[in-house]
Amino acid sequence: DTGVSQDPRHKITKRGQNVTFRCDPISEHNRLYWYRQTLGQGPEFLTYFQNEAQLEKSRLLSDRFSAERPKGSFSTLEIQRTEQGDSAMYLCASSFDINGYTFGSGTRLTVV
Amino acid sequence: QQPVQSPQAVILREGEDAVINCSSSKALYSVHWYRQKHGEAPVFLMILLKGGEQKGHDKISASFNEKKQQSSLYLTASQLSYSGTYFCGTVVGSGNTPLVFGKGTRLSVIA
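Residues numbered from 1 in each chain as written. Chains lettered and ligands numbered in written order. Predicted model: local features only at pLDDT ≥ 70, side-chain atom pairs only at ≥ 80, totals over all residues. Heavy atoms only, no water.

Enquirer: Account for the interface of chain B and chain A, with residues named and values stated.
Expert: Many analyses report the size of an interface as the accessible area lost when the parts associate. In this complex, chain B contributes 17 residues to the contact, which on the side of chain A involves 19 residues. Of the roughly 1,500 Å² buried between chain B and chain A on both sides combined, carbon and sulfur atoms contribute 58%. Seen at the junction of chain B and chain A, the total is six residue pairs in polar contact (both at pLDDT 80 or more). Going through the elements one at a time, β4 (28-36) and β5 (43-49) of chain B are the ones with two or more residues in the side of chain B that touches chain A. No other element matches β4 of chain B, which puts four residues into the side of chain B that touches chain A. In the side of chain B that touches chain A, the residues fall into ten nonpolar, six polar and one charged. (Contact = heavy atoms within 4.5 Å. Buried area = accessible area lost by both parts, 1.4 Å probe. Polar contact = N/O pair within 3.5 Å; in protein donor to acceptor, adjacent residues only side chain to side chain. Helix = DSSP H or I, 4+ residues; strand = E, 2+ residues; numbered from the N terminus. Nonpolar A, V, L, I, M, F, W, Y, C, P; charged D, E, K, R; others polar.)

Enquirer: So what's going on with the sheet that holds strand β7 (residues 65-68) of chain A? Residues and values would help.
Expert: Residues and elements named next belong to chain A. If you walk across this open sheet you meet the four strands as β1-β3-β8-β7, and the pairing is antiparallel. In this open sheet, the two strands that pair with only one neighbour each are β1 (5-7) and β7. Across the sheet, the axes of successive neighbouring strands diverge by a mean angle of 15°, strand direction being ignored. Direction of pairing for β1 relative to strand β3 (residues 19-24): antiparallel, over a ladder of three bridges. Residue pairing across strands places aspartate 7 opposite arginine 22, the latter belonging to β3. (Pairing = 2+ DSSP bridges. Axes fitted to C-alpha atoms, helices over the stretch in contact; angles between N-to-C directions.)

Enquirer: Provide a residue-level description of the pattern of salt bridges, including the pertinent values.
Expert: Residues and elements named next belong to chain A. For the structure shown, the criterion picks out four salt bridges over all chains. Across the salt bridge formed by aspartate 86 and arginine 64, the nearest N and O atoms sit 2.9 Å from each other. Of the two residues, aspartate 86 sits in the loop between β8 (75-79) and β9 (88-95) while arginine 64 sits in the loop between β6 (53-57) and β7, which places them 22 residues apart along the sequence. By sharing partners, the salt bridges in this structure join Arg64, Glu83 and Asp86 into a single network. (Salt bridge = Lys/Arg side-chain N within 4 Å of Asp/Glu carboxyl O.)

Enquirer: Talk me through the state of the cysteines; I want residue IDs and the actual numbers.
Expert: On inspection of all chains with the given rule, the structure shows two disulfides over all chains. Paired through a disulfide, cysteine 23 of chain A and cysteine 92 of chain A show a sulfur-sulfur distance of 1.9 Å. Of note, the bridge from cysteine 23 of chain A to cysteine 92 of chain A carries an S-S torsion of about -70° and is left-handed in sense. Taken together, the residues cysteine 23 of chain A in strand β3 and cysteine 92 of chain A in strand β9 connect sequence positions 69 residues apart. Here the two residues cysteine 23 of chain A and cysteine 92 of chain A agree in accessibility, since each one is buried. Two residues, cysteine 22 of chain B and cysteine 88 of chain B, share a disulfide whose sulfurs are 2.1 Å apart. Around the S-S axis, the bridge from cysteine 22 of chain B to cysteine 88 of chain B shows a dihedral of about 70° and counts as right-handed. (Disulfide = S-S within 2.5 Å. Buried < 20%, exposed > 50% of the residue type's maximum accessible area, 1.4 Å probe, protein only.)

Enquirer: Describe the side chain of threonine 90 of chain B, listing the residues and the values that go with them.
Expert: All names here are of chain B. Tracing the backbone through its elements, the reader meets threonine 90 in strand β9 (residues 84-92). Judged by relative accessible area, threonine 90 falls into the buried class, the value being 2%. Beyond its immediate chain neighbours, meaning those up to four positions away, threonine 90 contacts Pro3, Cys22, Leu28, Ser30, Val31, Pro98, Leu99 and Val100.

Enquirer: Tell me about the packing of aromatic side chains, and name the residues and values.
Expert: By the definition in use, this model includes 16 aromatic pairs over all chains. Seen from their ring centres, tyrosine 35 of chain A and phenylalanine 45 of chain A are 5.8 Å apart, and the 70° between their planes marks the pair as edge-to-face. Note that tyrosine 35 of chain A is positioned in strand β4 (residues 31-37) and phenylalanine 45 of chain A in strand β5 (residues 44-50), a separation of ten residues in sequence. Between phenylalanine 103 of chain A and tyrosine 34 of chain B, the aromatic rings sit 5.8 Å apart at their centres with planes inclined by 85°, giving edge-to-face as the arrangement. In this pair, phenylalanine 103 of chain A sits in strand β10 (residues 102-103) while tyrosine 34 of chain B sits in strand β4, so the two residues belong to two different chains. Of the two residues, phenylalanine 103 of chain A and tyrosine 34 of chain B, both sit in the buried class. Taken together, the ring pairs connect Tyr33, Tyr35, Phe45, Tyr48, Tyr101 and Phe103 of chain A together with Tyr34, Phe44, Phe87 and Phe101 of chain B into an aromatic cluster. (Phe/Tyr/Trp six-rings, centres within 6.5 Å; stacked < 30°, edge-to-face > 60°.)

Take a look at the structure:
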């Protein structure tokens, strides 16, 4: 078991461009979560999946954000028309049901 | 709905003890505790379920007071490796909602 993998580790993009991040969870875990973290703050919930079903999406999440988890395996998070305020660390985590989360190392997004 | 953590920051000398508190205004199903070192991902420490319980993990333990909707993390005989930011995460309702994290408590252990 290699843990939760995220790709890429870093992404620098120009404002207005689209970006896509990938997360590979622990294979035995049925739940997958996306969080966003900025400096000095706790992780902020974005969305989560149980198997392939997207069960909840933060009300704070703009329509520019979309996530998928085809076949209940890996997940992708896409941000369209990026803005400078989107700059943050994007963390993916997985769990088996309501147990503790295992986080990936994150994707650091910088919008210039 | 975000839980409130206190203190925001604490500095300890090796061997000293610390308590970090987490409180919620909503009825909790469970409380998670995580530690995050600078530049790394949060690492799961322990989970406490409603019903009120206490758990231990080496010299780090935690309690959950269901009546007060509060949890406390106890670090005893602190070591340099305990340095980092500690986050509590709370789950409300039936347990099928995702974690909502507090703002964190920055712990620095010095020699």
